[in-house]
Amino acid sequence: MTTEAEISTLTIDGVRSAITNRQTTATALVHDFYTRIRREDPGIGAFLTLSEERAFAQAERIDKLADAGEPLPPLGGVPVGIKDVMVTRGVRTTAGSKILDNFIPPYDCTAVARMEAAGAVVLGKLNCDEFAMGSSTENSAYKPVRNPRDKSRVPGGSSGGSAAAVAANMAIATLGSDTGGSIRQPASFCGVVGLKPTYGRVSRNGLIAFASSLDHIGPFAKTVKEAALVLRTIAGRDPMDSTSADLSVPDYVAELDKPVKGLKVGVAKEYFGAGLDPEVQTSVEAAIQKLAALGCEVVPVSLPHTEYAIPTYYIVATAEASSNLARYDGVRYGFRARGARTLSDMYRKTRDGGFGIEVKRRIMLGTYALSAGYYDAYYLKAQKVRSLLTRDFDEAFRKVDVIATPTSPTPAFKLGEKVNDPLAMYLADIYTVTANLAGIPGISVPCGETHNKLPIGLQLFGRHFDEATLLRAAHAYEQAR
Amino acid sequence: MKVDEKDVSYVADLANLELSDEERARMLRDLNSILGYIEHLNELDTDNVAPMAQVSDRYGVDEILQGTDRFAYASREDILNGLRKSLPHDEALQNAPETDETFLIVPKVIER
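Keep in mind that what you see is a predicted model, and the values were worked out from it rather than measured.

**Let's talk about the overall build of chain A**
From N to C terminus, chain A includes 17 helices and 11 strands. Its C-alpha radius of gyration of 21 Å places chain A within 12% of the 23 Å reference for a compact globule of 481 residues. If you line up chain A on its principal axes, its C-alpha atoms span 65 × 60 × 45 Å. Considering only residue pairs separated by 6 or more positions, chain A has 76% of its internal contacts joining residues 24 or more positions apart.

**Topic: the overall build of chain B**
If you tally the helices and strands in chain B, you get three helices and zero strands. The helix and strand sequence of chain B, counted from the amino end, reads α-α-α. Out of the 112 residues in chain B, the part that is buried amounts to 16%.

**Considering the domain arrangement of chain A**
All names here are of chain A. Domain boundaries in chain A define domain 1 (4–252), domain 2 (264–308 + 384–480) and domain 3 (311–377). Between the C-alpha centres of domain 2 and domain 3 there is a distance of 32 Å. Each partner contributes to the interface: domain 2 provides eight residues, whereas domain 3 provides six residues. Counting residues per element, the side of domain 2 that touches domain 3 draws most heavily on helix 14 (residues 376–399), at three residues. For the side of domain 2 that touches domain 3, the class distribution of residues is seven nonpolar, no polar and one charged.

**A word on the sheet that holds strand 10 (residues 442–449) of chain A**
Paired through backbone hydrogen bonds, the strands of a sheet run either parallel or antiparallel to each other. Residues and elements named next belong to chain A. Strands sit in the order 1-3-2-4-6-5-10-11-9-7-8 across an open sheet of 11 strands; the sheet is mixed. The open sheet has two edge strands with one neighbour each: strand 1 (47–50) and strand 8 (297–301). On average, each strand axis in the sheet is inclined to that of its neighbour by 30 degrees, with strand direction left out of account. By the bridge criterion, five bridges tie strand 4 (residues 173–177) to strand 6 (residues 217–221) in an arrangement that is antiparallel. Counted as the bridge partner of Ser177 is Ile217 from strand 6. Helix-sheet contacts for helix 4 (residues 52–67) involve strand 1 and strand 3 (121–126), and the interaxial angle to strand 3 is about 160 degrees.

**Things to note about the pairing of strand 2 (residues 79–83) of chain A**
Residues and elements named next belong to chain A. In terms of burial, strand 2 is largely enclosed, as five of its five residues are buried. The alternating pattern of strand 2 places Pro79, Gly81 and Lys83 on one face and Val80 and Ile82 on the opposite face, and all of these are buried. Pairing of strand 2 with strand 3, which is carried by five bridges, proceeds in the parallel orientation. Note on strand 3: the bridge partner recorded for Pro79 is Val121. Regarding the hand of the β-α-β motif, the stretch spanning strand 2, helix 5 (residues 110–117) and strand 3 is right-handed.

**Thoughts on the nonpolar core**
Residue and element names in this part refer to chain A. If you look at the biggest cluster of nonpolar residues, it comprises 162 residues, and the most contacted ones within it are Val80, Val121, Ala173, Val193 and Leu460. No other element matches the nine residues that helix 11 (residues 309–324) contributes to this core. For Ala173, the residues in contact, after removing those within four places along its chain, are Ile12, Val78, Val80, Val166, Pro219, Phe220, Ala221, Glu226 and Val230.

**A look at the interface of chain B and chain A**
Taken together, the contact pairs 49 residues of chain B with 59 residues of chain A. At the level of secondary structure, the elements contributing two or more residues to the side of chain B that touches chain A comprise helix 1 (5–14) and helix 2 (21–38) of chain B. When the residues that make up the side of chain B that touches chain A are grouped by side-chain class, the tally is 32 nonpolar, nine polar and eight charged.

**Comments concerning the packing of helix 11 of chain A against helix 2 of chain B**
Between helix 11 of chain A and helix 2 of chain B, the shortest axis-to-axis distance is 9 Å and the interhelical angle comes to 125 degrees. It follows from the interaxial angle that helix 11 of chain A and helix 2 of chain B lie oblique. Contact with helix 11 of chain A, carried on its side by A:Pro311, A:Tyr314 and A:Ile315, involves B:Ile34, B:Tyr37 and B:Ile38 of helix 2 of chain B and no other residues of that element. Split by residue class, the contact of helix 11 of chain A with helix 2 of chain B holds six nonpolar, no polar and no charged.

**Regarding the environment of A:Glu60**
Residue and element names in this part refer to chain A. Within the element layout of this structure, Glu60 appears in helix 4. The class of Glu60 is partly exposed, set by 15 C-beta atoms lying within 10 Å. In sequence terms Glu60 and Thr25 are 35 residues apart; their C-alpha atoms lie 8.8 Å from each other.

**Some remarks on the pairing of strand 3 of chain A**
All names here are of chain A. With respect to burial, strand 3 is a largely interior element, six of its six residues being buried. Note that strand 1 and strand 3 share three bridges and pair antiparallel. Residue pairing for strand 3: Phe47 is matched across the bridge by Leu126.

About the cut-offs
- Residues numbered from 1 in each chain as written.
- Chains lettered and ligands numbered in written order.
- Predicted model: local features only at pLDDT ≥ 70, side-chain atom pairs only at ≥ 80, totals over all residues.
- Helix = DSSP H or I, 4+ residues; strand = E, 2+ residues; numbered from the N terminus.
- Rg over C-alpha atoms; globule rule 2.2 N^0.38 Å.
- Contact = placed C-beta atoms within 7 Å.
- Buried ≥ 20, exposed ≤ 12 C-beta atoms within 10 Å, placed from the backbone.
- Domains from an automatic or database assignment.
- Nonpolar A, V, L, I, M, F, W, Y, C, P; charged D, E, K, R; others polar.
- Pairing = 2+ DSSP bridges.
- Axes fitted to C-alpha atoms, helices over the stretch in contact; angles between N-to-C directions.
- Right-handed = clockwise from strand over helix to strand, strands pointing away.
- Core = buried A, V, L, I, M, F, W, Y, C linked by C-beta atoms within 7 Å.
- Parallel < 35°, antiparallel > 145°, perpendicular 65-115°, else oblique.

See the structure below:
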């Protein structure tokens, strides 16, 4: 038995050594985590499906290795959770939508398969906004997720279940997806570390598509080191995703302790403007001062097109979504409405009954932006502004190695606060969407609390495929804090 | 107002959505509000800016590789069984709402 206090301080390396040294077994640990989930999760709502059979089978494999005195793989016996937008063979996968309520995937997402090959134990599938569309996890068709730090507040989104599970010690690390901030913003709301890698660093094979040119898979963990360990596990070329880059994967963990002295940290005034909560601002500015105290050089940079990022994002993302979600037609998988007389009647009734209001809103906006007569004015225009936003970062990264910003303009807001105002909800992503449009890596690291104990996140951006420097800066800050 | 009721019907039609009266009213309001915000993009002169569809158009490969060779890794030989074997017939049909165990069954196909 692992005590409550022990569960809350467990790390990836701690689990591995405890199993190796026979202080516990992977199977006992899985039992303890399920006990905790059964007790805590009804008040939080992080899990949609528990994959007990699969978890215990994996734990048994790890225990056999330990019994035989074999070295455990890097994530050997580590209990993890997977956002329910990544398909898992034989384990229900819903994307938070009723349209996939009964969907049992016939194959595994590459990132999940790599986690399991590295010894991780998948406890279950984590709640999220329907098709990852949202910033609060209130758009889940099943149940909202509550922030473990204050249950009257949202955990952020769309990977709210993945952030909450780590924050509430119901998994040691989790995978989420980030299309406009869906890993970093909930990480900041729940007080954990969340990393969005470079576009192409992690295969998207088996990730249920929302917006293919913006979708990323990445880790949540309590520490930067553990996030680095998970990234090392899931990163690298996968022939099943032609956009996954053919570049070698550095040993991110080994790079963490290299000195940060002399590293140039950019600060852009565009990320400290109107709408930024004063407590968030104070906390993030103090974090930047801490980096300076560690020997980093703080350099002002300009990202002049930042104010155009949200409108650009909501055209590109919804246009791609309207196309990606055309596949939900009630023919090959998922929900089908009854009683339709013709095929087209069946399509409409199925999609009407299967999708929630936010998904319909985004399909409508995206279809409109792509429709004849509006394509140039909206979609093409947004693609051009995307180039300008990316150039901003190219320019800035000639001068600096990382850029420091707040992750979110506010701490976690109340459930229901923004649910009827889509535009206000979209603005929750104002500091995160730029990294998706440009494809650069970004991480959120806890950097303080508000007067009412709500976590605040420091966001760092890095150059394309330079997660090593990004993680090193984040780790140095975390250690010094 | 950028969008009127007729546009909402037209777009819903393209997207294979039916939408209730209440949803139509909501879409009308929300689309106009969001598109109004998106109007800000017109403040920018983008006449000489190339559109960017994909991050991997620009990054993700060694810079010494030029032109079409840069993405040689992204294509592969056309092999008979692909990278992953095709699903067995029964597995491919297991999630379908209606089948006769050989084919997917759908309602009559009639142009509306």
